[in-house]
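Each chain, letter by letter, is given below.
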Amino acid sequence: AAVVNKPRRRQLDLPHALYFAVLTLDCVVVYRANDMRPCKLISGLHCASLTDLAWSRCGTKMAVSSHDGYCSIISFDEGELGTPLPEKEEEPEATEARPEAEAAKGPT
């Protein structure tokens, strides 16, 4: 039987790229979520097994820790994972009570 290679369809139809990282015992794999393909493999960081990772807020750095107590910072070059979206201004918290919240409190 002949094998037909169909083009991979995008898993997520987003207007921007989205990346996530998977931590294994000995490496970090960064995936591009739009097509679910690995785009970065980082290994040989620590002698002991890896335990945790965290992205920086800007998405250009990642902290990785291991059982030996060490932490490493992985830095990505500017534009290597695309351009970060601008941060939205956080809306101020409502200080005024909503009518439905007032009604739920009952009489005072």
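1. Considering the nonpolar core
Link 1 in the chain: By size, the foremost hydrophobic cluster in this structure holds 10 residues: Val28, Val30, Ile42, Leu50, Leu53, Met62, Val64, Ile74, Phe76 and Leu81.
Link 2 in the chain: Going through the elements one at a time, strand E2 (27–32), strand E4 (50–55) and strand E5 (61–66) are the ones with two or more residues in this core.

2. Description of the pattern of salt bridges
Link 1 in the chain: Tallying each qualifying case throughout the model produces 2 salt bridges.
Link 2 in the chain: The shortest N-O distance in the salt bridge between aspartate 35 and arginine 32 comes to 3.6 Å.
Link 3 in the chain: Looking at aspartate 35, the relative accessible area reads 19%, which means it is buried.
Link 4 in the chain: A salt bridge links lysine 40 to glutamate 80; its shortest N-O distance comes to 2.9 Å. Of this pair, lysine 40 sits in strand E3 (residues 37–43) while glutamate 80 sits in the loop between strand E6 (71–75) and helix H1 (99–105), and the two are 40 residues apart along the sequence.
Link 5 in the chain: What makes lysine 40 partly exposed here is its relative accessible area of 23%.
Link 6 in the chain: According to the relative accessible area criterion, glutamate 80 is partly exposed, its value standing at 32%.

Cut-offs used in this document
- One numbering rule holds for all chains: residues counted from 1, following each sequence as written.
- In keeping with the predicted nature of the model, local features appear solely for residues at pLDDT of at least 70, side-chain atom pairs appear and are counted solely at 80 or more, and the whole-chain, interface and lining totals rest on all residues.
- Heavy atoms throughout the structure, all of them, feed into the side-chain values; hydrogens and water do not.
- We call a set of buried residues a nonpolar core when its members are Ala, Val, Leu, Ile, Met, Phe, Trp, Tyr or Cys and they connect through side-chain atoms within 4.5 Å of each other.
- Relative accessibility thresholds used throughout: buried, under 20% of the residue-type maximum; exposed, over 50%; partly exposed, between the two (1.4 Å probe, protein chains only).
- Strands are runs of DSSP state E lasting at least two residues, helices are runs of H or I lasting at least four, and both sets are numbered from the N terminus onward.
- For this analysis, a salt bridge means a side-chain nitrogen from Lys or Arg found within 4 Å of a carboxyl oxygen belonging to Asp or Glu.

Geometric descriptors of this kind do not, in isolation, establish any biological role.
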